[in-house]
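Residues per chain are reported as follows:
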Amino acid sequence: MTIQRIAVLGGGAWGTALAQTAARAGRDVTLWEFDAGHAEHLSQQRESRFLPGVKLEAAIKVTRALGEAAQNDAILLVVPAQALRSVVTQLTQTMKPGTPLIACAKGIEHGTHKFMTEIIAECTDSAVPAILSGPSFAADVARGLPTAVTIAAADSLVAEKLAHALNSGSFRPYHSTDIRGVEIGGAVKNVLAIASGIVNGRGLGASASAALTTRGFAEMVRFGRALGARPETLTGLSGLGDLILTCSSPQSRNFSYGAALGRGEVPSGKLAEGAFTAPVLLEMARDKNIDMPISAAVAAVLANEHSVDEAIAALLSRPIKAEE
């Protein structure tokens, strides 16, 4: 498998950052953007509206033709989790058989409870599903600051080749075959980051924040264990690493979303995947009888079933038990 030509679907901050990375790694990059106005801005101004001041690398070609993007050696799907199925369905009409499709969204589909690679596999049997996740902010990656992530595919050779294809020096991908573990880490941490943001916005202090992150990680491990994730994946970059990053910085959209809730404000219109993932995660946890009180509290607040103060009081009044 030769991976020289890479397409990135989605010209938002994360898509642009990954396009920059692929170009710096020496690849020929096609950046596809659905919105006509933003695509024109990317093409003419050579920068994303979401990353002002970061000029696109010369190797990046901007297009609105999905068929053109489909002809590349590998395709990074940098679209919202709930839009992935629609995009993959369109993409597979012109895609070459055996093309790796790397999901870069961190979420679970509503209704079906499907993870991103499951959606890819369901939409086409001619693609190779993969997932990219880890502790990474788009602004850092776009500017070439040191970042490490995980790329997982069922075939270890495919995962390794994808990691090498995206290795730009400052962007360092590790490879894995634990697809489910990588997906679980990315999805669960978004929900926990909202909880951490609430703690911050409510002014509950650093001690509460540390406790929340630690007990949240315990929930991630329980959920991951029940769904077959490897322990080393959950304690690695795409699990604990991503959790630490997003639970500690307002650069995280999910953290900022939670912080607004904690302050009693209406969150901004920016996409926070955790807000979509929380109710689905709770449904899956209940189906498998997995105890996830922090995630449940977030889902209750988002559904207006509990106020922030009621959710905090409920967590603090839980029975004392042995740490696990």
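Notes on the structure follow. Note that the structure is predicted; figures quoted are calculated from it, not measured.

Moving on, we get to the layout of surface pockets. Each pocket or cavity is described by its volume, and for the largest pocket that value is around 1300 Å³. Along its surface, the largest pocket is lined by 43 residues, and G12, A13, W14, R253 and L271 are the ones closest to its centre. If you list the elements that add at least two residues to the lining of the largest pocket, you get α1 (13-24), α4 (84-91), α6 (138-142), α8 (179-201), α11 (237-246) and α12 (253-262). Broken down by element, the lining of the largest pocket gets its largest block of residues, five residues, from α12. Residue composition of the lining of the largest pocket, by class: 22 nonpolar, 14 polar and seven charged.

Within the fold, D178 resides in the loop between β8 (171-176) and α8. A relative accessible area of 5% places D178 in the buried class. Taking the C-alpha atoms as reference points, D178 and G12, 166 residues apart in sequence, are found 27 Å from one another. Other than its neighbours up to four places away in sequence, D178 contacts A152, G228, A229, R230 and T233. Separated by 2.9 Å, the side chain of D178 and the backbone nitrogen of R230 make a polar contact. One polar contact links D178 to T233, side chain to side chain, over a distance of 2.6 Å.

With that settled, the discussion passes to the pattern of salt bridges. Going through the model one piece at a time under the given rule, you end up with 16 salt bridges. Of the charged contacts in the structure, one is a salt bridge between D73 and K96, with a shortest N-O distance of 3.5 Å. Of this pair, D73 sits in the loop between α3 (66-69) and β4 (74-77) while K96 sits in the loop between α4 and β5 (100-103), and the two are 23 residues apart along the sequence. Salt-bridge contacts for K189 lead to D242; the nearest nitrogen and oxygen are separated by 3.9 Å. Of this pair, K189 sits in helix α8 while D242 sits in helix α11; the two residues are 53 residues apart in sequence, bridging distant segments of the chain.

Reading the values: the criteria
Residues numbered from 1 in each chain as written. Predicted model: local features only at pLDDT ≥ 70, side-chain atom pairs only at ≥ 80, totals over all residues. Heavy atoms only, no water. 1 Å grid on protein atoms, 1.4 Å probe; cavity = no way out; pocket = protein on both sides within 12 Å on 5 of 7 lines; lining within 4 Å. Points joined across faces, edges and corners; volume = space filled by probe spheres on them. Helix = DSSP H or I, 4+ residues; strand = E, 2+ residues; numbered from the N terminus. Nonpolar A, V, L, I, M, F, W, Y, C, P; charged D, E, K, R; others polar. Buried < 20%, exposed > 50% of the residue type's maximum accessible area, 1.4 Å probe, protein only. Contact = heavy atoms within 4.5 Å. Polar contact = N/O pair within 3.5 Å; in protein donor to acceptor, adjacent residues only side chain to side chain. Salt bridge = Lys/Arg side-chain N within 4 Å of Asp/Glu carboxyl O.

Functional significance is not addressed by these values, which are geometric in nature.
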